[in-house]
Amino acid sequence: MEESKFREIMLTYDQEEVMEKVCSMNEKDKARILRQCDFLDFSFLKALKTKDKARGKIEPISTLKLSEIALKKDEYEKIGVEAIKEGKIGALVLAGGMGTRLGSNHAKGMYDIGINKPVYIFQRMFENMMDVVNRTGAWIPLFIMTNIMNDREIKEFLIEHKCFGYNPQYIKFFVQDMSPCVDYNGKIMFAKPDEFAMSPNGNGGFYSSMMNAGLDKYCKENGIEYINVFAIDNVLQRIADPVFIGATIESGCATGAKVVKKADPGEKVGSICLEDGMPSVVEYYEMTDELLQAKDADGEPAYEYGVILNYLFRVKEMDGIVRNEMPVHVVKKKVPYLAEDPNSPTGYVTVNPETPNAYKLETLSLDFVQMMGSCLPFEVVREWEFAPIKNAMGIDSVDSARKMLLAAGYEL
Ligand code: UTP
């Protein structure tokens, strides 16, 4: 990036101090930072001014429940299988996260959750997809979103493991964008003397990054009408699930969202709801006592269904969303940063904080639910579909996922 352009951006986002620091650096360090600026999305900094935006009016939304799905399962499945066979369905795995809570040095998908034999998270994903390929006789195009830090190792890992039997012709990679990390005063942080602290721009960045990679055209040219977007870390979920696809198509909604009945009101999943009359998701930390205690028309807890980050999005409606710009969330996270240290030969040291110390700026897939305009919440059975791996131990961990996989009959 040209220095003049850099100055202009820094002034737009109240980063004068950072601008002065960079511009007074030696030419080599300055050149490195300016190169990094080419792939950082500074526009996310605007979110710092609106970070406490109030939510709209929250009301319950009606969910397609297990009992209702059971009654029409065959019909839904037929519609879903047909759509897959006609090549109308693509899948997209969100593998661009940093997996900081898990604490592995590699991409989360490369984590081995086996006990007596290796079972990698990516392997579970491909095995789940192969169930549908074998059932329908059709390969489902799979988009894999990586980030600039894990892209290479993921590609090498999948080549080494021959994509766990998946046809590589149907796999397309793309790299998501990065955003700068800021301290609690809103100032861009440094990770090294010649590098800003940065992080992937959140799991909602997938569609704009797909477009940058020209994959939206690929969808249109290849007749892909719906994309099943899902997280890499849920090792039980059904991917390109024909019943879910069929129910969403039949409903006419632009989005389908797989949901589970929450294990307890405080479970850390977003609750599906209506917000100002539109389908939406309230995050667990936004739930007030009033919402937690509210009942629906049947006397059931009004917000008892949580999203599991497995959505079916209709491509037609997604096009408009990028133009409208997605909301950017300001999230407190642990961010390694550069601190002055008179005892270090360089005068600096990198600090790895133990508790959150900074803001990451992220877009989230859950915002698509509202922006797409219509949504079918589709209930799934937790024991068969929801074993997320966020931590090494405890809740939502490698341990808990192993227990669930074994209980569901998988060999590890
Ligand atoms: P999480 O929000 O749980 O983040 O991601 P994470 O990176 O896996 O873990 P922590 O928070 O650092 O511990 C949910 C899904 O979204 C993907 C993740 O890879 C995971 O599949 N994700 C997250 C992205 O693809 N990009 C991002 O920028 C963030």
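So, here is what we can say about the structure in this document.

Cut-off values and rules
- Residues numbered from 1 in each chain as written.
- Predicted model: local features only at pLDDT ≥ 70, side-chain atom pairs only at ≥ 80, totals over all residues.
- Heavy atoms only, no water.
- Near = heavy atom within 4 Å.
- Polar contact = N/O pair within 3.5 Å; in protein donor to acceptor, adjacent residues only side chain to side chain.
- Areas by Shrake-Rupley, 256 points an atom, 1.4 Å probe, with all protein chains shown as cover.
- Nonpolar A, V, L, I, M, F, W, Y, C, P; charged D, E, K, R; others polar.
- Helix = DSSP H or I, 4+ residues; strand = E, 2+ residues; numbered from the N terminus.
- Expected span 1.5 Å × (residues − 1).
- Buried < 20%, exposed > 50% of the residue type's maximum accessible area, 1.4 Å probe, protein only.
- Arc of directions from axis to C-beta.
- Contact = heavy atoms within 4.5 Å.
- 1 Å grid on protein atoms, 1.4 Å probe; cavity = no way out; pocket = protein on both sides within 12 Å on 5 of 7 lines; lining within 4 Å.
- Points joined across faces, edges and corners; volume = space filled by probe spheres on them.

**Quick word on the site of the ligand**
In the vicinity of the ligand lie 20 residues, with Leu94, Thr100, Arg101, Gln176 and Lys390 positioned nearest. In the environment of the ligand, an oxygen atom lies 2.8 Å from a nitrogen or oxygen atom belonging to the backbone of glycine 96. One of the backbone N or O atoms of glycine 99 is found 2.9 Å from an oxygen atom in the ligand. Within the complex, the protein chains bury 91% of what would otherwise be the 560 Å² of accessible surface of the ligand. Here the residues of the shell around the ligand sort into 8 nonpolar, 7 polar and 5 charged.

**Quick word on helix H5 (residues 73–85)**
Along its 13 residues, H5 runs 18 Å from first to last C-alpha, staying within 8% of the 18 Å computed at 1.5 Å per residue. Among all positions in H5, only Tyr76, Glu77, Gly80, Val81, Ala83 and Ile84 are buried. In a view along the axis of H5, the buried residues occupy a sector of 160°, so they form one face of it. Projecting away from the buried face of H5 at angles above 90 degrees are the exposed residues Asp74, Lys78 and Lys85. Where the residues of H5 are buried, they touch helix H4 (66–71), strand E2 (89–94), helix H6 (121–136) and helix H10 (242–251). The positive-phi residue at the C-terminal boundary of H5 is glycine 87, with phi of around 75°.

**With respect to empty space enclosed by the protein**
Vacant regions in the atomic arrangement are exposed by a probe of water-molecule size rolled over the atoms. Tallying each qualifying case throughout the model produces 1 cavity of 30 Å³ or more. Roughly 40 Å³ of internal volume is contained in the largest cavity. Around the largest cavity, the lining residues are Ile121, Arg124, Met125, Phe230, Ala231, Ile232, Asn234, Val235, Gln237 and Ile239. For the lining of the largest cavity, the secondary structure elements donating two or more residues are H6 and strand E9 (226–231). Sort the elements by how many residues they give to the lining of the largest cavity and H6 lands first, with 3 residues. For the lining of the largest cavity, the per-class residue count stands at 7 nonpolar, 2 polar and 1 charged.

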